[in-house]
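# Structural overview for review
One-letter residues, chain by chain:
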Amino acid sequence: MKSYCLQRMNALAPYFISPQPGMPQPDPRELHEFGEEFFTNGTPAYRLLYFFLILILQGLCLLLRGKSLYALPQEEAEDFIQSLFSSRFATVSAIPMLLGTPIYMSHYNRDDVQIYLGFEVEALREEAAKREVTR
Amino acid sequence: MIIKPREVPGNISRDADVVIIGSGAGGGPIAKELAEEGYSVVVLEEGGCFTREDFDFRAGAAFTRFYRDGGQTVTLGLPVVLLPQGKTVGGTTTVNSGTCLRIPRHVLKRWHLERGLRDISEDELNLLYSAVEEYLFVKRADPEVAGKNALIFLEAAEGLGYSGGFLPRNAKDCEGYGVCAYGCPSGAKQSVNVSYIPDAVKAGADVYTNCRAERILVRSGRAVGVRGRFIDPVTRRKSHRIEVEAAVVVLAGGAVQSPSLLMHNRLCLSSGQVGKNLSIHPCACVTAILDEKLGNPKGIPQSTYVDEFAPEGIMLEGVTLPPFVYAISIPWVGRRHSRAMLDYPYCGSFGSMICEHDSVGKVVAGPSARQPLTLYQIGREDLDRVKRSILLLAEIWFAAGARSVQTPIDGFKELSSPKDLQRLARISIKRASIYGLTAYHPMGTCSMGSDPDWSVVQPSGETWEVENLFICDASVLPTSLGVNPQLTTMALALRTAGFIDERLCQGSFDQQYPGRLRRLRNRLRAERVSLTRRLAERE
């Protein structure tokens, strides 16, 4: 189940993260590595939930758009996920939120992405390494 | 010494005066106090031991490494509340914001009146608080490193006439790196992993890491030790066994794990109170887009507060979001999401914390002792209070000049002007309409009290049913505090250490006040007298 979740997480990433020009692209290798740690250390319940949410997302897409999510053009797939997110029903809007969580965690955890957003993580890391507060 | 699983050659069987389960805000201070008194102390910690080199500003990775279940622990109920708990040496203190607030007077009064805890007097608590604050270098957050986000919010709140200020924190020479919740990279935050535990180890305590306590050994109604297993930190498989025979067992696993262990060991269940009475301080976060860059997430994440509404049970406290948390909080996907992420440098954020009145929660045994289920249903009054806190946060952000404000309420995810606030104020929200609630302070599941029918532990911290089994963590706090509970947990830990010392010295509780506590009081009194004298001389 974990490997299926990881595989689908990678497949879903482009729909959740469509970088603006100049923004770093999602890195499938990093996504996989982070996802591996995320699902290994996480609760079995979340893995199970993730698995079912992927199936529900696919099912809803087939039902509402008549096609698999992956068969839809990129923009249409994004719009479909966005429509779920904007739903009045909390259970429906929770689907993309939960599916997107590990994707965003992995992508925006990367140094290059954080630096692009103005969080000078490398400089701070160097500064902190030089400084040690003792009791 | 701190012993990691790879340093353990085989099964361990040993004895000690005291064995402590957990090394957080409750276990750490007890370990230090008793080790310094000369007792042999063994601490079993389920999490790993991490140092400042491991705290490397990677927030996402920190969740998977330093938090229980990768930070994915939630309460079941409406709405679902994310309840992250630290799982590392130092417990949640390693990954919290370091806020150190004393118990509000009205809450202590409630403990006295409703729970019969008159033994815990205000004077005594104040002495214990002073000892902890002195040891942890507690002082108000420095405005220089408080962070622009917090300063702007506080200024706007004060402009509206709301009272607030800078929070007291256990940090020494803090530079405001903004990543307290992912481990302090400079060691400035005096969490238990850099304060109480190292001092306990210096005094001779042994801390076994990645070691999960599974069974509390009880003979003839007395706790006599703990049995546990080491867990390989990489494969997560169980490895060697450990059995520690001890005169006193201290359970300090936190308000979710401690009752779970009791339930799985079928201990202390006759009152029916184990696992019940859970309160968590539900928190909401409101973000805003401002016109100026705020230098996120630099600055102390929780440096300021607004306590104007504390009498209503609403406390507003600072929060800064690392990029990935901001990414999760944005209610869009794809291109729109990426465009919104460009606003990250302009994003302000502040949180609210609710002191519960009518919410109901409990911890029940899950499929394994490691994975209890946390059930929590927010009450109608508390839900209204959450909504009110969101309105207040939004109002203050608009007063601070926000272009737009994002709230965690369905249908009001983005507010573009103060007029939207009136619209939001008029509606009655449902439990399912609030998303993204979090909570960081589980409490009350092994509550302290003077009546064995309605509480799990005595005012001394010892359980009513099992002799020599003490509980010392936030689970003993009998009601929702309304403020961050780490300081109170530590103060009560010092108090409990006094009772344990007395038990180990004399084997009975004949005196009204134990010797340890009396010595501590005398020391604090002497220090106060000497400080007053020094100040008088200086003047």
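Residues numbered from 1 in each chain as written. Chains lettered and ligands numbered in written order. Predicted model: local features only at pLDDT ≥ 70, side-chain atom pairs only at ≥ 80, totals over all residues.

### What to know about the overall build of chain B
Helix and strand counts for chain B come out as 13 helices and 21 strands. A compact globule built from 539 residues should have a C-alpha radius of gyration of about 24 Å, and chain B, at 23 Å, falls within 12% of that. Projected onto its principal axes, the C-alpha positions of chain B cover 65 × 65 × 45 Å. Considering chain B as a whole, with its 539 residues, one finds that 59% of them fall into the buried category. The long-range share in chain B, meaning contacts at least 24 apart out of those at least 6 apart in sequence, stands at 74%. (Helix = DSSP H or I, 4+ residues; strand = E, 2+ residues; numbered from the N terminus. Rg over C-alpha atoms; globule rule 2.2 N^0.38 Å. Buried ≥ 20, exposed ≤ 12 C-beta atoms within 10 Å, placed from the backbone. Contact = placed C-beta atoms within 7 Å.)

### Topic: the overall build of chain A
Within chain A, the regular secondary structure consists of seven helices and zero strands. In chain A, the order of α-helices and β-strands from amino to carboxyl end is α-α-α-α-α-α-α. When the backbone C-alpha atoms are referred to their principal axes, chain A occupies close to 60 × 35 × 30 Å. Counting only contacts in chain A whose residues sit at least 6 apart along the sequence, the fraction spanning at least 24 positions is 59%.

### Remarks on the pairing of strand S17 (residues 360-368) of chain B
Looking along a regular strand, one sees the side chains alternate between the two faces of the sheet. Residue and element names in this part refer to chain B. Where S17 meets strand S18 (residues 371-377), six bridges bridge the pair, whose relative direction is antiparallel. Residue Gly-361 lies in a different strand from S18, and its bridge partner there is Tyr-376. Hairpin connection of S17 to S18: two residues between the antiparallel strands. (Pairing = 2+ DSSP bridges.)

### Examining the sheet that holds strand S13 (residues 283-289) of chain B
Two orientations exist for strands paired in a sheet by backbone hydrogen bonds: parallel and antiparallel. Residues and elements named next belong to chain B. Strand order in the open sheet made by the seven strands is S7-S14-S15-S16-S13-S19-S20, with antiparallel pairing throughout. For this open sheet the edge positions go to strand S7 (164-166) and strand S20 (414-415), each flanked by a neighbour on one side alone. Of the strand pairs in this sheet, strand S15 (residues 314-318) and strand S16 (residues 347-354) are connected by five bridges, and their pairing is antiparallel. Note that in S16 the partner of Ile-314 across the bridge is Ile-354. Sheet strands touched by helix H5 (residues 148-159): S7, strand S14 (304-306), S15 and S16. Its angle to S16, the strand with the most contacts, is close to 65°. (Axes fitted to C-alpha atoms, helices over the stretch in contact; angles between N-to-C directions.)

### A few points about the nonpolar core
Residues and elements named next belong to chain B. Formed by 203 residues in total, the largest nonpolar core has its most connected members in Val-18, Ala-31, Val-41 and Val-250. Per-element accounting of this core gives the leading share, 10 residues, to helix H10 (residues 380-399). When residues no more than four places from it in sequence are discounted, the contact partners of Val-18 are Leu-34, Tyr-39, Val-41, Ala-246, Val-248, Val-250 and Ile-500. (Core = buried A, V, L, I, M, F, W, Y, C linked by C-beta atoms within 7 Å.)

### Some remarks on helix H9 (residues 334-341) of chain B
Considered for burial, the residues of H9(B) that qualify are Gly334(B), His337(B) and Met341(B). When H9(B) is viewed along its axis, its buried side chains cluster within an angular range of 55° and face the same direction. In this fold, the buried residues of H9(B) make contact with helix H1 (2-16) and helix H4 (74-85) of chain A together with helix H8 (323-329) of chain B. (Arc of directions from axis to C-beta.)

### Some remarks on H4(A)
Three or four residues apart is the spacing at which side chains of an α-helix point the same way, because the helix has 3.6 residues per turn. Residue and element names in this part refer to chain A. Here H4 contains 12 residues, and its C-alpha end-to-end distance of 17 Å stays within 8% of the 16 Å for a straight helix at 1.5 Å per residue. Turning to H4, its buried residues are Ala-77, Glu-78, Phe-80, Ile-81, Leu-84 and Phe-85. Axial view of H4: buried residues confined to an arc of 160°, hence all on one face. (Expected span 1.5 Å × (residues − 1).)

### A short note on the confidence of the model for chain B
Residues and elements named next belong to chain B. Confidence along chain B averages 91 in pLDDT terms, with 95% of residues attaining 70 or more. Contacts from residues 508-514, a stretch scored under 50 in pLDDT, to residues over four places away or in other chains number seven contacts. Interface confidence in the predicted complex, given as ipTM, is 0.92; pTM for the same model is 0.90. (pLDDT = per-residue confidence, 0-100.)

### Topic: the interface of chain A and chain B
On the chain B side, the residues contacting the 43 residues of chain A number 45 residues. Of all the elements in the fold, those that place two or more residues in the side of chain A that touches chain B are H1, helix H2 (28-41), H4, helix H5 (90-107), helix H6 (111-116) and helix H7 (121-130) of chain A. A per-element tally of the side of chain A that touches chain B places H5(A) first, with nine residues. Looking at the side of chain A that touches chain B residue by residue, the class counts come to 23 nonpolar, 13 polar and seven charged. (Nonpolar A, V, L, I, M, F, W, Y, C, P; charged D, E, K, R; others polar.)

### Re the confidence of the model for chain A
When pLDDT is averaged across chain A, the result is 90; 100% of the residues are at 70 or more. At the level of individual helices and strands, chain A shows its lowest average pLDDT in H7(A), which scores 88, and its highest in helix H3 (residues 44-65) of chain A, which scores 93.

### So, unusual backbone geometry
Residues and elements named next belong to chain B. That bond from Leu-78 to Pro-79 is cis: its omega, -10°, falls within 30 degrees of zero. Checked against the element boundaries, Pro-79 lands in the loop between strand S4 (74-75) and strand S5 (81-82). Even without a glycine there, the phi angle at Asn-210 is positive, about 50°. Relative to the assigned elements, Asn-210 resides in the loop between strand S9 (206-208) and strand S10 (211-219). The exposure class assigned to Asn-210 is buried, which follows from the 25 C-beta atoms found within 10 Å. Of note, Ser-220 is a non-glycine position whose phi angle comes to about 50°, a positive value.

### What about the pairing of strand S3 (residues 41-44) of chain B?
Residues and elements named next belong to chain B. Taking every second residue as pointing to the same face, both faces of S3 are buried, with Val-41 and Val-43 on one and Val-42 and Leu-44 on the other. Summarising the sheet, strand S2 (residues 12-21) and S3 pair through four bridges and their orientation is parallel. Following the sheet pairing, Ile-20 is matched in S3 by Val-43. Following the chain from S2 across helix H1 (residues 27-36) to the adjacent parallel S3, one finds a crossover that is right-handed. (Right-handed = clockwise from strand over helix to strand, strands pointing away.)

### Description of the packing of H3(A) against H5(A)
What describes two packed helices is the angle between their axes and the distance between those same axes. Residue and element names in this part refer to chain A. Viewed as axis vectors pointing N to C, H3 and H5 meet at an angle of 125°, and their least axial separation amounts to 10 Å. Classified by the angle their axes make, H3 and H5 are oblique. Helix-helix and strand crossings are classified by hand; for H3 and H5 the assignment is left-handed. Of the residues in H5, those in contact with Leu-49, Leu-53, Ile-56 and Leu-57 of H3 are Ile-95, Leu-98 and Leu-99. Grouping the constituent residues of the contact of H3 with H5 by class yields seven nonpolar, no polar and no charged. (Parallel < 35°, antiparallel > 145°, perpendicular 65-115°, else oblique. Left-handed = near helix turned anticlockwise from the far one by under 90°.)

### Points about the environment of Gln377(B)
Residue and element names in this part refer to chain B. Note that Gln-377 resides in strand S18. Between the alpha carbons of Gln-377 and Pro-259 there is a distance of 19 Å; along the sequence they are 118 residues apart. Not counting chain neighbours up to four residues away, the residues in contact with Gln-377 comprise Gly-77, Leu-78, Ser-359 and Val-360.

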